[in-house]
Amino acid sequence: MGNDTHTDDVRREGYDGTGAGAITPDGCAVEVWTRLPVGDAPDVIEAAVPPGARILELGCGVGRMTHPLVDRGFTVTAVDESAEMLGRVRGGIRTVRSPIERLDLGERFDVVMLASFLVHAGDVAVRRGLLETCRRHVAEDGCVLVQREGEDWHLNVPRESRIGTDGIARILSATPVGDGVNSVHAQYEFPDGTWTQTFLSRPLSTEAFEQALADAGLQVERYLTEDRTWVRARPLG
């Protein structure tokens, strides 16, 4: 089941993608996201929130994290701006099609989740909107989980990693384009095709990251992983 609060499949400025199949407004190839492993994210999330919590997942994509969380007993409302991404989310899960920064469901959730490094949006106004959406939807005694980039993410380039048994993900470059923003170029190579994504990302020091949360009425409670990429925050005041 789902509802659609509108979005147009127009590419966001500074974002692009190539390869077979649908490309989302931020340049993601839907086909690639169906192949990316979820890793230990569901374990990190499960350990950080109450059992059976109601989770609002912002930027769910194809349901890479949605499905494991539902399988573990959580109730998930999955939000994405791409109809093609939401079309891969299993039947029965509540989906909402909307740009995250414009979302207002008029509801509060035990947990609001902003993963996939979305907090590093190149446009400061978009980032502010993302975090304000988190604050608007989290219960006063709830928490917000944010996934942020590693400290050297933009410096350690080029780099590559394996995807399953036959794929390779490469971050080819992170090029400054002004105002503290980098244009990042990624490539995903499989035996049956190659896809690329270009997107804007704003590196954030720990101080800048925590300040961005505070500006939206959120406070870091603790870093959940050794690399400090997963964070649990609470509403201020």
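Anyway, here's the lowdown on the structure attached to this text. Small disclaimer: the values here were computed from a predicted structure and weren't measured. (Residues numbered from 1 in each chain as written. Predicted model: local features only at pLDDT ≥ 70, side-chain atom pairs only at ≥ 80, totals over all residues. Heavy atoms only, no water.)

1. Regarding empty space enclosed by the protein
Thinking step 1. For the coordinates displayed, the defined rule picks out one cavity of 30 Å³ or more.
Thinking step 2. The wall of the largest cavity is formed by Gly27, Cys28, Ala29, Val32, Trp33, Tyr188, Trp195, Thr196 and Gln197.
Thinking step 3. Elements represented by at least two residues in the lining of the largest cavity include exactly helix H1 (30–33) and strand E11 (193–201).
Thinking step 4. In terms of residue count, the dominant contributor to the lining of the largest cavity is E11 (three residues).
Thinking step 5. Of the residues assigned to the lining of the largest cavity, the class counts are six nonpolar, three polar and no charged. (1 Å grid on protein atoms, 1.4 Å probe; cavity = no way out; pocket = protein on both sides within 12 Å on 5 of 7 lines; lining within 4 Å. Points joined across faces, edges and corners; volume = space filled by probe spheres on them. Helix = DSSP H or I, 4+ residues; strand = E, 2+ residues; numbered from the N terminus. Nonpolar A, V, L, I, M, F, W, Y, C, P; charged D, E, K, R; others polar.)

2. Quick word on the environment of Leu56
Thinking step 1. Here Leu56 shows up in strand E3 (residues 54–58).
Thinking step 2. It is 9.8 Å that separates the C-alpha atoms of Leu56 and Glu107, two residues lying 51 residues apart in sequence.

3. Remarks on the nonpolar core
Thinking step 1. In terms of nonpolar packing, the biggest core is built from 29 residues, with Leu56, Leu58, Val112, Leu114, Val144 and Phe209 touching the most fellow members.
Thinking step 2. When contributions to this core are tallied by element, the ones reaching two or more residues are E3, strand E6 (109–114), helix H5 (124–137), strand E7 (138–147), helix H6 (206–215), strand E12 (218–223) and strand E13 (230–235).
Thinking step 3. In terms of residues, this core owes the most to one element, H5, which gives four residues.
Thinking step 4. Sequence-distant contacts of Val144, defined by excluding residues within four places in its chain, comprise Val112, Cys134, Val138, Leu218, Val231, Arg232 and Ala233.
Thinking step 5. In terms of nonpolar packing, the next biggest core, distinct from the first, is built from 21 residues, Leu36, Val62, Ala169 and Phe199 among them. (Core = buried A, V, L, I, M, F, W, Y, C linked by side-chain atoms within 4.5 Å. Buried < 20%, exposed > 50% of the residue type's maximum accessible area, 1.4 Å probe, protein only. Contact = heavy atoms within 4.5 Å.)

4. What about the sheet that holds E11?
Thinking step 1. With antiparallel pairing, the five strands of this open sheet are ordered in space as E2-E11-E10-E9-E8. At either end of the open sheet lies a strand with only one pairing partner, and these are strand E2 (16–18) and strand E8 (159–163). Averaged over all adjacent pairs, the angle separating strand axes in this sheet is 20 degrees, with direction ignored.
Thinking step 2. Taken together, the nine bridges between strand E9 (residues 167–178) and strand E10 (residues 181–190) define a ladder with antiparallel strand orientation. The residue of E10 that forms the bridge with Ala169 is Tyr188. (Pairing = 2+ DSSP bridges. Axes fitted to C-alpha atoms, helices over the stretch in contact; angles between N-to-C directions.)

5. Some points on H6
The periodicity of an α-helix, 3.6 residues per turn, causes residues three or four positions apart to be oriented the same way.
Thinking step 1. For H6, the set of buried residues is Thr206, Phe209, Ala212 and Leu213. For H6, the angular spread of the buried residues around the axis is 130 degrees, confining them to a single face. In H6, those exposed residues whose orientation departs by more than 90 degrees from the buried face are Glu207 and Asp215.
Thinking step 2. Residues of H6 that are buried sit in contact with H5, E7, E12 and E13.
Thinking step 3. Where H6 terminates, the next one or two residues include Gly217, which has phi positive at roughly 85 degrees. (Arc of directions from axis to C-beta.)

6. As for the environment of Thr206
Thinking step 1. Residue placement: Thr206 occurs in helix H6.
Thinking step 2. Taking C-alpha positions, Thr206 is 22 Å from Val138, a pair spaced 68 residues apart along the chain.
Thinking step 3. Every residue in contact with Thr206, bar those within four places of it in the chain, is listed here: Arg148, Glu151, Tyr223 and Arg228.

7. Overview of the environment of His137
Thinking step 1. Locating His137 in the fold gives a position in helix H5.
Thinking step 2. Here His137 falls in the buried class, since its relative accessible area comes to 0%.
Thinking step 3. For the pair His137 and Glu107, spaced 30 residues apart in sequence, the C-alpha separation works out to 6.0 Å.
Thinking step 4. Ignoring sequence-local partners within four residues, the contact set of His137 consists of Leu56, Leu103, Asp104, Leu105, Gly106, Glu107, Arg108, Phe109 and Val112.
Thinking step 5. From its side chain, His137 meets the backbone nitrogen of Leu105 in a polar contact 2.9 Å long. (Polar contact = N/O pair within 3.5 Å; in protein donor to acceptor, adjacent residues only side chain to side chain.)

8. Thoughts on H5
Thinking step 1. In this model H5 runs 20 Å from its N-terminal to its C-terminal C-alpha over 14 residues, within 8% of the 20 Å that 1.5 Å per residue would give.
Thinking step 2. Residues Val126, Arg127, Gly129, Leu130, Leu131, Thr133, Cys134, Arg135 and His137 constitute the buried set of H5.
Thinking step 3. Taken together, the buried residues of H5 touch E3, E6, E7, H6, E12 and E13.
Thinking step 4. If you check the start of H5, you find a side-chain oxygen 2.8 Å away from the backbone N of Ala125, and it comes from Asp123. (Expected span 1.5 Å × (residues − 1).)

These values are about where atoms sit, not about what they do.
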